[in-house]
Structures are given as C-alpha cells and as structure tokens.
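Now for the letters of each chain:
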Amino acid sequence: MKKKHTMGNRQGTFLAITIPVLLLFFCFNTLPLLRGFYYSFTNFKGYGSYDFVGLRNYIDLFSDSRVGGSYLFTFKFAIVSTIIVNVISLILALGLNSKIKAKSALRAIYFIPNILGGLVVGYIFSFFFTYILPAVGQAAGIEWLSSSMLSNERTAWLAIVVVGCWQSIAMNTIIYISGLQTVPEDVYEAGAIDGASGWVRFKSLTFPLIIPFFTINMVLCMKNFLMVFDQIMALTKGGPSQSTESISYLIYQNGMSGGQFGFQSANAVIFFIVIVAISVFQMTVLNKKEEQL
C-alpha cells in the first residue's frame with residue numbers, strides 16, 4: 001500500500017509539472033495558431049469588423065507577385081546560406097577538434113556571434129556595409145565596393161547571407177564538434193593501418209559516423225533560414241525595391257501594419273505547411289542516407 005501511495009505522489013508531481021507547461025504552450029502557441037487559421041478565411045484588417053471570404057485569400061496568394069517574389073528570395077537565401085554554413089562549420093569543427101593549443105578558448109570565441117541578438121548584429125553590420133566597406137573600396141579604387149551593398153538589388157541579398165551565416169556558424173560548429181567527439185579513436189587507428197588519411201579518412205570514416213549530426217544541422221539550418229527576419233529588419237527592411245523581402249518579413253509588415261491581417265494569415269498557414277513539408281522531406285532523405293551508410 002505504501003508503494004502505491006508513493007507512485008501516486010510521483011504521478012501527481014509529474015502532472016503538476018506538465019499541465020502548467022501544456023497550458024502555457026496552448027495559450028501562447030496553439031491558440032494563436034488556431035486563431036490565425038480562422039482569420040485566414042476572413043478579410044480581417046487587424047482591427048474593426050470583418051467578413052468571411054472563404055478560400056479567396058488562399059487563391060489570391062498564388063496570383064500576388066509580391067508574395068511570389070518573397071518566396072523566391074527566401075528559398076534562394078535559405079539554400080545558399082545552409083550550404084555555406086554547413087561547409088564552413090564542418091571545416092571549423094574539424095580544426096577545433098584536432099590537437100591544437102588554446103582549443104577551448106577558440107571554441108568560446110567562435111561561439112560569441114551566437115550569443116548576440118540578431119537585430120544587434122544586423123545594425124552593426126548595417127553600419128559596416130554602409131560606411132566602412134565603401135570607404136575601403138574608395139581608398140582601394142575598387143568601384144563595385146565603393147557604394148553600399150545594401151543599396152544595390154544585386155548585392156543586398158549577399159550582405160544578408162554574410163550576416164546570417166556569420167551568426168549561425170557558431171551553433172552548427174558546436175554540434176559538429178559534439179559529433180566528432182563521438183567517433184571512437186579505434187576507428188582512426190584501424191583506418192591508418194589500411195592507409196586511410198586526409199580526404200579518404202574523412203569521406204570513409206569520419207563523415208559516415210557523424211551523419212546524424214549533419215542531418216540535425218541541415219534541418220535546423222534550412223528551417224531557421226526560411227524564417228529569416230531579424231537580419232532583414234535591421235539591414236534592408238525588404239529593400240531595395242522589395243528585392244530582399246522574406247516571407248516572414250512580408251507577413252509581419254503587411255499583416256500588422258498594412259491592413260492585410262487575414263490575407264497574411266493565409267500566407268502564414270501556407271508558409272507553415274511549406275516548412276513542415278521541407279523538414280519532413282529532409283529528414284526522410286537524410287535518414288535513408290544514414291541507413292545506407
């Protein structure tokens with residue numbers, strides 16, 4: 001009887017811990033999601049009365065050139081940034097995991113960008129791209145570098161890529177280092193006996209053993225970059241000429257202050273489905289690759 005009483009107390013404690021968290025999650029995550037889905041079928045402007053319009057918002061999304069442009073920019077940005085971040089992060093992780101001096105200090109230094117807020121980093125780089133870099137370009141006589149990258153439609157998105165990657169590399173590097181530390185030293189010793197070194201050692205021994213960490217980084221990177229917002233808010237605000245307007249920024253800008261709350265709610269629903277679909281696709285493909293290796 002005493003054992004049952006103890007088990008009952010433990011279950012009661014777990015419920016007391018879990019239920020408040022579930023309630024908070026429902027109130028601040030699930031409920032806004034459901035309300036947004038509801039508003040996506042209305043012409044709600046964010047204030048005042050509204051009417052139901054059925055699927056009109058969803059139909060109009062596919063004929064809105066501004067929405068289409070934001071999707072193209074967001075996918076271009078996310079794909080390029082994901083590739084750059086994972087390549088550089090993996091190279092850094094290999095270096096920081098090797099037997100070098102001040103290894104712990106270097107890891108801490110590389111992690112600093114991740115601690116800083118996205119808006120703070122964005123404003124700092126905005127000053128750099130607007131004033132410092134053009135001054136260097138003028139002094140060096142480099143014409144294309146003499147004007148701000150942020151004012152040019154062809155180069156503004158590259159500036160956002162630089163800032164986004166600079167801040168994201170830190171976390172990915174830490175994850176890759178964690179993966180590299182799980183590789184047994186015996187594997188490398190056996191590979192050395194067979195003559196594996198350099199690229200062959202990485203391709204045949206290291207990468208197959210850290211591919212679960214590669215999967216995590218690829219999925220998180222793509223998801224985070226698809227939702228890019230802070231860097232755009234701080235650097236370009238979607239300009240010049242809406243060339244760097246991401247989906248998240250468009251939803252915020254036109255939904256909150258542009259009188260398109262219902263329309264952008266529909267955009268948010270579609271965007272949510274797209275992100276989930278891409279994440280599931282990545283997990284499926286990369287998990288199959290893990291099984292093959």
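The rules behind these values
Residues numbered from 1 in each chain as written. Predicted model: local features only at pLDDT ≥ 70, side-chain atom pairs only at ≥ 80, totals over all residues. Heavy atoms only, no water. Helix = DSSP H or I, 4+ residues; strand = E, 2+ residues; numbered from the N terminus. Buried < 20%, exposed > 50% of the residue type's maximum accessible area, 1.4 Å probe, protein only. Contact = heavy atoms within 4.5 Å. Core = buried A, V, L, I, M, F, W, Y, C linked by side-chain atoms within 4.5 Å. Salt bridge = Lys/Arg side-chain N within 4 Å of Asp/Glu carboxyl O. Phe/Tyr/Trp six-rings, centres within 6.5 Å; stacked < 30°, edge-to-face > 60°. Axes fitted to C-alpha atoms, helices over the stretch in contact; angles between N-to-C directions. Parallel < 35°, antiparallel > 145°, perpendicular 65-115°, else oblique. Left-handed = near helix turned anticlockwise from the far one by under 90°. Nonpolar A, V, L, I, M, F, W, Y, C, P; charged D, E, K, R; others polar.

1. Thoughts on the side chain of Ser70
Part 1 of the argument: Relative to the helices and strands, Ser70 is located in helix H3 (residues 65-96).
Part 2 of the argument: Exposure remark for Ser70: the relative accessible area of 1% places this residue in the buried category.
Part 3 of the argument: Not counting residues within four places of it along the chain, the set of residues in contact with Ser70 comprises Glu245, Ser246, Ile247 and Leu250.

2. Some points on the nonpolar core
Part 1 of the argument: Ranked by internal contacts, the top residues of the largest apolar core, which has 39 residues, are Phe77, Phe129, Leu235 and Phe271.
Part 2 of the argument: Those elements that provide at least two residues to this core are helix H2 (56-61), H3, helix H5 (118-140), helix H6 (156-180), helix H8 (198-226), helix H9 (230-235), helix H10 (247-256) and helix H11 (261-292).
Part 3 of the argument: A total of seven residues in this core trace back to one element, the largest contributor, which is H6.
Part 4 of the argument: Aside from chain neighbours lying at most four places away, what touches Phe129 is Pro134, Ser148, Met149, Leu150, Ala159, Val162, Val163 and Leu235.
Part 5 of the argument: In terms of nonpolar packing, the next biggest core, distinct from the first, is built from 16 residues, Ala93, Leu96, Leu180 and Leu205 among them.

3. Description of the pattern of salt bridges
Part 1 of the argument: Under the definition given, this model contains one salt bridge.
Part 2 of the argument: For Arg66, the salt bridge goes to Glu245, with nearest N and O atoms at 2.6 Å. Residue Arg66 is found in helix H3, and its partner Glu245 is found in the loop between H9 and H10; the two are separated by 179 residues along the sequence.
Part 3 of the argument: On the accessibility criterion, Arg66 (28% relative accessible area) is partly exposed.

4. A short note on unusual backbone geometry
Part 1 of the argument: Along the chain, Gly239 connects to Pro240 via a cis peptide bond; the corresponding omega equals -10°.
Part 2 of the argument: With phi around 50°, Lys237 is a residue other than glycine that occupies positive phi space.
Part 3 of the argument: Examined against the element boundaries, Lys237 turns out to sit in the loop between H9 and H10.
Part 4 of the argument: Residue class for Lys237 comes out partly exposed when judged on its relative accessible area of 48%.
Part 5 of the argument: Positive phi, normally seen in glycine, also occurs at Gln242, with a value near 60°.

5. Let's talk about the side chain of Thr236
Part 1 of the argument: Note on placement: Thr236 falls in the loop between H9 and H10.
Part 2 of the argument: Classification of Thr236 as buried rests on a relative accessible area of 13%.
Part 3 of the argument: Beyond its immediate stretch of four places on either side in the chain, Thr236 contacts Leu150, Ala156, Ile160, Gln231 and Thr244.

6. Details of the environment of Ile112
Part 1 of the argument: Looking at where Ile112 falls in the secondary structure, it is placed in helix H4 (residues 103-115).
Part 2 of the argument: Taking C-alpha positions, Ile112 is 9.8 Å from Met171, a pair spaced 59 residues apart along the chain.

7. What to know about the packing of aromatic side chains
Part 1 of the argument: Scanning the entire structure with this criterion turns up 23 aromatic pairs.
Part 2 of the argument: Centre to centre, the rings of Phe44 and Tyr50 are 5.2 Å apart; their planes meet at 65°, and the pair counts as edge-to-face.
Part 3 of the argument: Taking relative accessible area as the criterion, Tyr50 reaches 29% and is therefore assigned partly exposed.
Part 4 of the argument: For the ring pair Phe202 and Phe207, a centre distance of 6.0 Å and an interplane angle of 45° mean the geometry is tilted.
Part 5 of the argument: Accessibility expressed as a relative area gives 17% for Phe202, which makes it buried.
Part 6 of the argument: Each member of the aromatic cluster is reached from another via a ring pair, and the members are Tyr38, Tyr39, Phe44, Tyr50, Phe52 and Phe261.

8. As for the packing of H5 against H6
Part 1 of the argument: Between H5 and H6, the shortest axis-to-axis distance is 11 Å and the interhelical angle comes to 135°. If you check the angle between H5 and H6, you find them oblique. The element H5 and its partner H6 pack so that their crossing is right-handed. Touching Gly118, Val121, Phe125 and Phe129 of H5 are Ala159, Val162, Val163, Trp166 and Gln167, all from H6.
Part 2 of the argument: Here the contact of H5 with H6 is composed, by residue class, of seven nonpolar, two polar and no charged.

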